[in-house]
Amino acid sequence: MSESTQHHQQADEKGSARTVSGAEIQLKDVVKRYPGQKNAAVNDLSITVPAGEVVMFIGPSGCGKTTSLKMINRLIEPTSGTITIDGDDIRGRDADELRRTIGYVIQGGSLFPHLTVADNIAVVPKLLKWDKKRIAERTEELLDLVGLEAGRYRDRYPRELSGGQQQRVGVARGLAADPPVVLMDEPFGAVDPITRQRLQDEMLGIQRELGKTIVCVTHDIDEAIKLGDRILIFSEGAKIEQYDTPENVLAAPANDFVADFVGAGSTLKQLSLSRVNELNFVDWTTARIGDDAQDAVRRAEAAGQECVVVLDDRGRPIAWPWNRNLRRASTIDVKRREELVTLDERATLNDALDTMLSSSHAGAIVTDARDKYLGVVDFESVTAHIRTQEAAAQEAQEARSEEAAS
Ligand SMILES: Nc1ncnc2c1ncn2[C@@H]1O[C@H](COP(=O)(O)OP(=O)(O)OP(=O)(O)O)[C@@H](O)[C@H]1O
C-alpha cells in the first residue's frame with residue numbers, strides 16, 4: 001500500500017459519515033487502438049472515479065469495458081491520453097510496482113493451484129516484504145472479512161474449495177495489501193445465484209468498512225444497480241452513454257440506448273435499489289436448543305405460524321422446523337444441521353424475492369453481518385414496502401407537477 005494513502009471520514013449523500021481509504025482515478029482523453037483494428041477499442045474516454053466510490057462498467061460485449069479497466073493497472077498500455085491515480089500520472093510509475101498498489105480480482109478468483117489459501121492471499125504482501133507475523137495476521141483478518149474460517153481454510157489448496165469459496169479467496173487476495181484502488185472484472189460471474197448474492201452482500205459490507213475506490217466490470221444490470229455508487233454505461237468504442245447513480249439511470253435514462261439497455265421491467269429493477277433492512281420484519285417464534293418443544297409449538301400456533309426458528313447459543317438461526325415435526329419432541333434438538341438459506345439484511349428486495357421463491361416457507365430468515373437472527377420477511381413485507389414507495393413516488397410527482405403549474 002502506498003504509505004500516503006489517507007483514511008478519512010467523508011459524509012456520503014445520505015449524510016452519514018463513512019471511512020474513505022480510496023484514491024481518485026482520472027482518465028483523460030484515453031485512446032486504445034489495437035494493432036490491425038480499424039476502430040479504436042477505446043475512443044477518447046474521459047472520466048473521474050471519485051475516491052471511495054464503486055463504479056460499475058457495463059455495456060454490450062466488445063464495447064471496451066475490460067480494455068478500459070486494464071489500462072488503469074497498466075496490464076494494457078493506452079495508445080494516447082493520461083491516467084492519474086490520486087493525481088499521479090501512472091506512466092511515471094514502474095508497472096510492477098504500480099500493480100502491487102492496485103487490487104485486482106477476476107472471475108473465478110484465478111488462484112495459483114500449487115499454493116495454499118494463505119499463500120495465495122500473501123502473494124503481494126510477500127513481494128512488499130512484510131514480516132511473517134504481519135502476513136499471518138492479515139491473512140486471518142481477510143479470511144474473516146470474506147466469511148471463511150481461517151482455521152479450516154488457511155492450509156487448503158484451491159482444488160479443495162468450492163467455486164464460491166475460491167472467489168472469496170480471490171477477493172481476499174485483491175484486498176491483501178490494503179490497496180486504495182481495487183479493479184474487478186466480472187468477479188462474481190462464475191458462481192451460482194445464491195452464492196453470488198452472498199458475495200455481493202459481503203462486498204457491500206467490506207466496502208462500507210473500508211471505503212476503497214472500486215471499478216468493477218459486470219454484465220449484469222441488477223448487479224450494477226446493487227453494487228454501484230455510479231454506473232457507467234458504455235456503447236462501442238467505450239463511448240459513455242450515461243454515467244450516473246443507479247437511481248438516475250433507472251428514473252431518467254439519458255437516451256434510447258440506455259433505456260433499451262436497462263430494459264423494460266424497470267419497476268422490477270427498482271427492487272434492486274431497496275434493501276431488506278428497509279422492510280418491517282415479522283417477529284417470528286424462536287426457540288433455542290434444549291428449550292421445551294411443546295411450549296415453542298404453542299407459542300408459534302398462538303402467533304398463527306406453522307414453524308419455529310431455532311437459534312444456536314450465539315443467536316444464529318440453524319433450523320426452521322414445522323410445528324408438525326416437533327409434536328412428538330420434548331425438547332428442541334437439531335440432529336442434522338440442514339442447509340438453511342438465510343437472507344443478509346443488506347440484500348436487495350430482488351434477492352429477497354429470489355430466496356423466498358425457492359423456499360418452502362414462503363418467507364426468508366433475515367440475519368445481520370455476523371449471521372445473527374433479526375426476523376423474518378415474507379411476500380407481504382415486500383409488497384407493503386413497494387406500495388409505500390409507489391405512494392411516495394406518486395406524491396413527489398404530484399408535488400413536482402403542482403410546482404411546475406404554479
Ligand atoms: N488483444 C487484442 N487484440 C485485438 N483486439 C482486441 C484485443 N483485446 C480486445 N480487442 C478488441 O477490442 C474491443 C474491446 O474489447 P474488450 O475486451 O475491452 O471489450 P469488453 O467490453 O470487455 O467485452 P466483453 O464484455 O465481451 O468482455 C473488442 O472489439 C475486442 O475484439
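Predicted, not measured: the structure shown is a model, and the values here were computed from it.

With respect to the packing of helix α7 (residues 163–175) against helix α8 (residues 193–210)
Okay, so step 1: Close contact between α7 and α8 brings their axes to 10 Å; oriented N to C, the two are set at 20°. Compared by their axis directions, α7 and α8 come out roughly parallel. Every pair of crossing elements has a handedness; the one defined by α7 and α8 is right-handed. Residues Gly-164, Gln-167, Arg-168 and Leu-175 of α7 lie in contact with α8, whose contacting residues are Thr-195, Arg-198, Leu-199, Glu-202 and Ile-206.
Okay, so step 2: In terms of residue class, the contact of α7 with α8 is built from three nonpolar, three polar and three charged.

Some thoughts on the site of the ligand
Okay, so step 1: Contacts to the ligand come from Tyr-34, Gln-37, Ala-41, Pro-60, Ser-61, Gly-62, Cys-63, Gly-64, Lys-65, Thr-66, Thr-67 and His-219.
Okay, so step 2: Taking Thr-66, its side chain carries an N or O atom lying 2.8 Å from an oxygen atom of the ligand.
Okay, so step 3: In isolation the ligand offers 640 Å² of accessible surface; the protein chains occlude 60% of this area.
Okay, so step 4: Grouping the amino acids of the shell around the ligand by side-chain chemistry returns four nonpolar, seven polar and one charged.

A word on the domain arrangement of the protein
Okay, so step 1: Examined at the domain level, the protein breaks down into domain 1 (8–263) and domain 2 (277–383).
Okay, so step 2: Taking the mean C-alpha position of each, domain 1 and domain 2 sit 35 Å from one another.
Okay, so step 3: Taking both partners together, domain 1 and domain 2 bury about 810 Å²; carbon and sulfur atoms supply 44% of that area.
Okay, so step 4: Counting the surface domain 1 buries against domain 2, the share from its top three residues, Gln-197, Arg-198 and Asp-201, is 48%.
Okay, so step 5: Our enumeration of links across domain 1 and domain 2 arrives at one salt bridge.
Okay, so step 6: Lys-226 is the salt-bridge partner of Asp-351, the closest N and O atoms lying 2.6 Å from each other.
Okay, so step 7: Taken together, the connections running from domain 1 to domain 2 amount to one residue pair in polar contact (both at pLDDT 80 or more).
Okay, so step 8: Of the residues forming the side of domain 1 that touches domain 2, the biggest block, seven residues, is contributed by α8.
Okay, so step 9: By residue class, the composition of the side of domain 1 that touches domain 2 is two nonpolar, two polar and five charged.

Here's the deal with the sheet that holds strand β17 (residues 363–367)
Okay, so step 1: Sheet architecture is open: three strands sit in the order β16-β17-β18, paired in mixed fashion. Of all strands in the sheet, those bounded by a partner on one side alone are β16 (342–344) and β18 (373–378). Taken pair by pair, the neighbouring strands of this sheet meet at an average axis angle of 40°, ignoring direction.

Some points on the layout of surface pockets
Okay, so step 1: Quantified by volume, the largest pocket comes out at close to 1,800 Å³.
Okay, so step 2: Around the largest pocket, the lining is made up of 43 residues, and of these Gly-147, Arg-168, Arg-198, Glu-202 and Asp-371 lie nearest the centre.
Okay, so step 3: Secondary-structure elements contributing two or more residues to the lining of the largest pocket are α5 (132–145), α6 (150–153), α7, α8, β15 (317–319) and β16.
Okay, so step 4: Counting residues per element, the lining of the largest pocket draws most heavily on α8, which supplies nine residues.
Okay, so step 5: Split by domain, the lining of the largest pocket shows at least three residues from each of two domains, domain 1 (8–263) and domain 2 (277–383).

Looking at the environment of Val-276
Okay, so step 1: Residue placement: Val-276 occurs in the loop between α12 (266–270) and β13 (286–288).
Okay, so step 2: It is 35 Å that separates the C-alpha atoms of Val-276 and Tyr-157, two residues lying 119 residues apart in sequence.

Thoughts on α5
Okay, so step 1: Here α5 is 14 residues long and its end C-alpha atoms lie 20 Å apart, about the 20 Å a rise of 1.5 Å per residue gives.
Okay, so step 2: Taken together, the buried positions of α5 are Ile-135, Arg-138, Thr-139, Leu-142 and Leu-143. Seen from one end, α5 has its buried residues packed into an arc of 130°, which puts them on one side. Along α5, the residues that are exposed and aim more than 90 degrees away from the buried face are Lys-133 and Asp-144.
Okay, so step 3: For α5, the capping residue at the N-terminal end is Asp-131, with a side-chain oxygen 3.2 Å from the backbone nitrogen of Lys-133.
Okay, so step 4: Downstream of α5 by one or two residues, Gly-147 has phi in the positive range, about 80°.

Notes on unusual backbone geometry
Okay, so step 1: Here Asp-44, not a glycine, exhibits a phi torsion of approximately 65°, which is positive.
Okay, so step 2: Looking at where Asp-44 falls in the secondary structure, it is placed in strand β4 (residues 42–49).
Okay, so step 3: Of note, Asp-86 is a non-glycine position whose phi angle comes to about 55°, a positive value.

Details of the sheet that holds strand β10 (residues 213–217)
Strand-to-strand pairing in sheets goes through backbone hydrogen bonds, with the strands running parallel or antiparallel.
Okay, so step 1: Taken together, the six strands give an open sheet; going across it, the order is β8-β9-β10-β5-β11-β12, and neighbouring strands pair in mixed fashion. The open sheet is flanked by β8 (102–106) and β12 (239–244), the only strands paired with a single partner. When the angles between neighbouring strand axes are averaged without regard to direction, this sheet yields 15°.
Okay, so step 2: Of the pairings in the sheet, the one linking strand β5 (residues 54–58) to strand β11 (residues 230–235) comprises four bridges and is parallel in character.

Topic: the packing of aromatic side chains
Okay, so step 1: Inspection of the entire model under this criterion finds three aromatic pairs.
Okay, so step 2: Ring geometry for Phe-57 against Phe-234: centres 5.0 Å apart, planes inclined by 85°, an arrangement best described as edge-to-face. Placement of Phe-57 in strand β5 and of Phe-234 in strand β11 is noted, with a sequence separation of 177 residues between them.
Okay, so step 3: Taking the relative accessible area as the measure of exposure, Phe-57 reaches 0% and is therefore buried.
Okay, so step 4: Assessed through its relative accessible area of 0%, Phe-234 is described here as buried.
Okay, so step 5: Aromatic side chains Phe-257 and Phe-261 sit 6.3 Å apart centroid to centroid with 10° between the ring planes, which places their arrangement in the stacked category. In this pair, Phe-257 and Phe-261 both sit in helix α11 (residues 256–262), four residues apart, roughly one turn of the helix.

Thresholds, definitions, all that
Per chain, residue numbering runs from 1 following the sequence as it is written. Predicted model: local features are reported for residues with pLDDT of at least 70 only, side-chain atom pairs are reported and counted for 80 or more only, and whole-chain, interface and lining totals are derived from all residues. Each side-chain value is derived from all of the structure's non-hydrogen atoms; neither hydrogens nor water enter the calculation. Axis angles are defined between N-to-C directions and span 0 to 180 degrees, where every axis is a line fitted to C-alpha atoms and, for a helix, only to the segment in contact. Here a helix means four or more residues in a row that DSSP labels H or I, a strand means two or more in a row labelled E, and each is numbered from the N terminus. For classification, angles of less than 35 degrees are called roughly parallel, those exceeding 145 degrees roughly antiparallel, those between 65 and 115 degrees roughly perpendicular, and all remaining angles oblique. Definitions for this section: a left-handed crossing has its near helix turned counterclockwise from the far helix by less than a right angle. A right-handed crossing has that turn clockwise. Here, residues are in contact when the closest pair of their heavy atoms is within 4.5 Å. Charged means Asp, Glu, Lys or Arg here, nonpolar means Ala, Val, Leu, Ile, Met, Phe, Trp, Tyr, Cys or Pro, and polar covers whatever is left, Gly included. Distances are taken per atom, and a residue is near a molecule or strand as soon as one of its heavy atoms is within 4 Å of it. Throughout this description, a polar contact denotes any pair of N or O atoms lying within 3.5 Å of each other; where both atoms belong to protein, one of them has to be capable of donating a hydrogen while the other can accept it, and for residues adjacent in sequence the pair is counted only when both atoms sit in side chains. Accessible areas in this description were obtained via Shrake-Rupley with a 1.4 Å probe; residue shielding takes into account the shown protein chains only. These domain limits were set by an automatic method or by a database of domain assignments. By buried area we mean the combined loss of accessible area, with a 1.4 Å probe, across both parts when two parts are placed together. Salt bridges are defined as contacts in which a side-chain nitrogen from Lys or Arg sits within 4 Å of a carboxyl oxygen from Asp or Glu. When DSSP finds two or more bridges between a pair of strands, those strands are recorded as paired. Only protein atoms enter the calculation, which uses a 1 Å grid: trapped sets of points that fit a 1.4 Å probe without letting it out are cavities, open sets showing protein on both sides within 12 Å along at least five of seven lines are pockets, and any residue with an atom within 4 Å of a point is a lining residue. Grid points are joined across faces, edges and corners, and a volume is the space filled by probe spheres set on the points. Expected helix span is taken as 1.5 Å per residue step, with the number of steps being one fewer than the number of residues. Three labels apply to residues, based on accessible area from a 1.4 Å probe with only protein chains included: buried if under 20% of the type maximum, exposed if over 50%, partly exposed otherwise in between. Taking the helix axis as origin, the arc is that swept by the directions to the C-beta atoms. Ring pairs shown here join Phe, Tyr and Trp side chains whose ring centres sit within 6.5 Å, with only the six-membered ring taken for Trp; geometry is labelled stacked below 30 degrees between planes, edge-to-face above 60, and tilted in between.

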